[in-house]
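# Coordinates in review
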Amino acid sequence: MVSEKNHNVSRRQFLTYTLTGVGGFMAAGMILPMARFAIDPVLQSAGAGDMNAVADVSELTEEPQRFDFSYEQVDGWYTSEVTETAWIYQEGDNITALSPTCTHLGCTVNWNSNESYQNQFFCPCHGGRFEKNGTNVPGTPPTEPLHKYEIEVRDGTVYLGKANPQI
Amino acid sequence: MKWTTEDIPSFVAEKQYIDTALVPLLPINFDNSIKQSAAMAEFITVMAAEIERQFHGRMLLTPPFTYLSEEGVQASKERLEHWQQQMKGAEIKHIIFLTADSEWKKVENELDEMLIWMPLVPFENMDSEYKKQIISEQIKQLLPLVVNKWKENP
Ligand code: FES
């Protein structure tokens, strides 16, 4: 009898411990993501968003040219090197840098790569097309212009920041 | 599209546009060839990621198909065909296998899908500028293969 009673108590104790344990897990599950949200913006400011040196002004032409650049991106505790591409051209004093990411579903577009469409950006995936200034050609899948990089020119060097929508 | 919770919803929503799967084939070894196995995994993973970046809007990069070399290429092929059936069932029209393992060349004719075999470029001890140059050279040769496949059979 006594031993049965002890048994019951210890089972209840066991349950209490277990539930506390599970509760602890659940609390951790809720708090950790919140901590991540709180910490992430600080960590992220290290990579994307900064200006990166991409080209010399002297290299630029009226014809868009391809320039690759890379920077370190920090995501949580994981650092990776990201490579991006920009199509850059100069007309008079104006320098334009366009993102090569097709605004349809994100393939990489190329300048003048299809014989049938001279002086346009062409997307190999579903035939999306863009004018030199990034405007999407109506009747092709993309519905907005290519994104434009923020530009800064210092001492003859072109720095690029984030690519933003044109509309 | 990558095999991530970020990209997969787009894949599901835009299925009619994303008709191609890219499947890396990676041999696994624990014996003397373990180093070779790691080098292939490293190389093919980088290449696959770069191809995905180029064709993000039409291509789904699946997790790699891994197999023990010891399993024998015939057995691996049978398992791979199972993947193939599943993908076809999901209305994926083009499948591209990417590997550095020359074993697959022996059965290339028996595969219904496109096999891209690339000779292994070991990245170890390579400085990152040179590495980037190698990658972009290789990719440049590879892109037309994919675009032509689409052209032949849109
Ligand atoms: S991703 Fe460029 S046209 Fe569809």
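Residues numbered from 1 in each chain as written. Chains lettered and ligands numbered in written order. Predicted model: local features only at pLDDT ≥ 70, side-chain atom pairs only at ≥ 80, totals over all residues. Heavy atoms only, no water.

### Some remarks on the pattern of salt bridges
For clarity, the threshold we go by: For this document, the term salt bridge refers to a Lys or Arg side-chain nitrogen within 4 Å of an Asp or Glu carboxyl oxygen. Helix and strand definitions here come from DSSP, where helices need a minimum of 4 consecutive H or I residues and strands a minimum of 2 consecutive E residues; each element is numbered from the N-terminal end.
As enumerated under the stated definition, the model contains 15 salt bridges over all chains in all. With a shortest N-O distance of 2.9 Å, Arg 58 of chain B and Asp 19 of chain B are connected by a salt bridge. You can see Arg 58 of chain B sitting in the loop between α2 (34-54) and β2 (59-61) and its partner Asp 19 of chain B sitting in the loop between α1 (8-13) and β1 (20-28), a full 39 residues away along the chain. A salt bridge links Lys 77 of chain B to Glu 110 of chain B; the nearest nitrogen and oxygen atoms lie 2.7 Å apart. On the criterion of sequence distance, the pair formed by Lys 77 of chain B in helix α3 (residues 73-89) and Glu 110 of chain B in the loop between α4 (103-106) and β5 (114-117) is long-range, its members being 33 residues apart. Members of the salt-bridge network, linked through shared partners, are Glu 81 of chain A together with Glu 129 and Lys 132 of chain B.

### Overview of the side chain of Thr 85 of chain A
In plain terms, the rule: Remark: exposure states derive from per-residue accessible area (1.4 Å probe, protein chains only) relative to the maximum for the residue type, with buried under 20%, exposed over 50%, and partly exposed in between. Polar contact is defined as a pair of N or O atoms within 3.5 Å, subject to the rule that within protein one atom must be able to donate a hydrogen and the other to accept it, and that residues adjacent in sequence are counted only when both atoms are side-chain atoms. It only takes one pair of heavy atoms within 4.5 Å for two residues to be counted as in contact.
Considering the arrangement of structural elements, one finds Thr 85 of chain A in strand β3 (residues 78-91). Here Thr 85 of chain A falls in the buried class, since its relative accessible area comes to 2%. A distance of 3.4 Å separates the side chain of Thr 85 of chain A from the side chain of Arg 66 of chain A, its partner in a polar contact. Not counting the four nearest positions on each side in its chain, Thr 85 of chain A is found in contact with Arg 66, Phe 67, Asp 68, Phe 69, Leu 98, Ser 99, Pro 100 and Tyr 149 of chain A together with Arg 53 of chain B.

### As for the UniProt feature "domain: Rieske" (unreviewed entry) in chain A
To keep it simple, the criterion reads: UniProt positions are given in the numbering used here, feature names are shortened, and annotations may be inferred rather than shown by experiment.
With numbering matched to this structure, UniProt assigns "domain: Rieske" (unreviewed entry) to residues 64-160 of chain A. When the span residues 64-160 of chain A is considered, its composition is 0% helix and 48% strand, and the gap between its end C-alpha atoms is 15 Å.

### So, the environment of Thr 143 of chain A
Residues and elements named next belong to chain A. Looking at the element boundaries, Thr 143 is found in the loop between β7 (129-130) and β8 (148-154). Distance in space between the C-alpha atoms of Thr 143 and His 104 is 6.7 Å, their sequence separation being 39 residues. In this structure Thr 143 touches Thr 103 and Asn 136, once residues within four positions along its chain are discounted.

### Thoughts on the sheet that holds strand β6 (residues 121-122) of chain A
All names here are of chain A. For clarity, the threshold we go by: Here the rule is simple: two strands pair whenever DSSP picks up at least two bridges between them.
Strands sit in the order β5-β6-β7 across an open sheet of 3 strands; the sheet is antiparallel. The strands lining the two open edges of the sheet, one partner per strand, are β5 (110-111) and β7. Relative to β6, β5 runs antiparallel, the two sharing 2 bridges. Bridging from a neighbouring strand, Trp 111 pairs with Phe 121 of β6.

### Some thoughts on the pairing of strand β2 (residues 65-75) of chain A
Residue and element names in this part refer to chain A. Here β2 pairs with β3 via 11 bridges, running antiparallel. Looking at the pairing, Val 74 lines up with Thr 79 of β3. Taken together, β2 and the strand that follows it, β3, pair antiparallel across an intervening segment of 2 residues, in which Gly 76 is found at a positive phi of about 65 degrees.

### Remarks on the layout of surface pockets
All names here are of chain B. Rules: Throughout, the protein atoms alone are placed on a 1 Å grid, and a set of points is a cavity if a 1.4 Å probe fits but cannot get out or a pocket if it is open with protein on both sides within 12 Å along at least five of seven lines; lining residues have an atom within 4 Å of a point. Grid points are joined across faces, edges and corners, and a volume is the space filled by probe spheres set on the points. Under this grouping Gly is polar, as are all residues other than the nonpolar Ala, Val, Leu, Ile, Met, Phe, Trp, Tyr, Cys and Pro and the charged Asp, Glu, Lys and Arg.
In this structure, the second largest pocket encloses a volume near 170 Å³. Elements supplying a minimum of two residues to the lining of the second largest pocket: α2 and α3. Residue composition of the lining of the second largest pocket, by class: 4 nonpolar, 7 polar and 2 charged.

### Some words on the packing of aromatic side chains
Each aromatic ring pair is summarised here by two numbers: the centre-to-centre distance and the angle between the ring planes. The cut-off we apply is this: In this analysis, rings of Phe, Tyr and Trp, with Trp reduced to its six-membered ring, are considered paired at centre separations within 6.5 Å, and the interplanar angle assigns stacked below 30 degrees, edge-to-face beyond 60, and tilted for intermediate values. Consider the ring centre and the ring normal. A charge sits over the ring if Lys NZ or Arg CZ is within 6 Å of that centre and within 35 degrees of that normal.
Taken as a whole, this structure holds 11 aromatic pairs over all chains when the rule is applied. Seen from their ring centres, Phe 65 of chain B and Tyr 67 of chain B are 5.8 Å apart, and the 35 degrees between their planes marks the pair as tilted. Look at Phe 65 of chain B and you get buried, because its relative accessible area is 0%. Between Phe 65 of chain B and Trp 104 of chain B, the ring centres sit 6.5 Å apart and the planes meet at 70 degrees, which makes this aromatic pair edge-to-face. Here Phe 65 of chain B is found in strand β3 (residues 65-68), whereas its partner Trp 104 of chain B is found in helix α4, with 39 residues between them in sequence. For the residue pair Phe 65 of chain B and Trp 104 of chain B, the accessibility class agrees, reading buried in each case. Counting every residue linked through ring pairs, the aromatic cluster contains Phe 65, Tyr 67, Trp 83 and Trp 104 of chain B. One residue, Lys 132 of chain A, lies across the ring of Tyr 89 of chain A, its end atom 4.8 Å from the ring centre. The cationic tip of Arg 154 of chain A hangs over the ring face of Tyr 159 of chain A; the distance from NZ or CZ to the ring centre is 4.2 Å.

### Here's the deal with the interface of chain B and chain A
Each partner contributes residues to the interface: chain B has 13 residues there, and chain A has 14 residues. Our count for the contact surface shared by chain B and chain A stands at 1 salt bridge. Measuring nitrogen to oxygen at the nearest pair gives 3.5 Å for the salt bridge that ties Lys 132 of chain B to Glu 81 of chain A. Inspection of the region where chain B meets chain A yields 6 residue pairs in polar contact (both at pLDDT 80 or more). Contributions of two or more residues to the side of chain B that touches chain A are made by α2 and α5 (128-152) of chain B.

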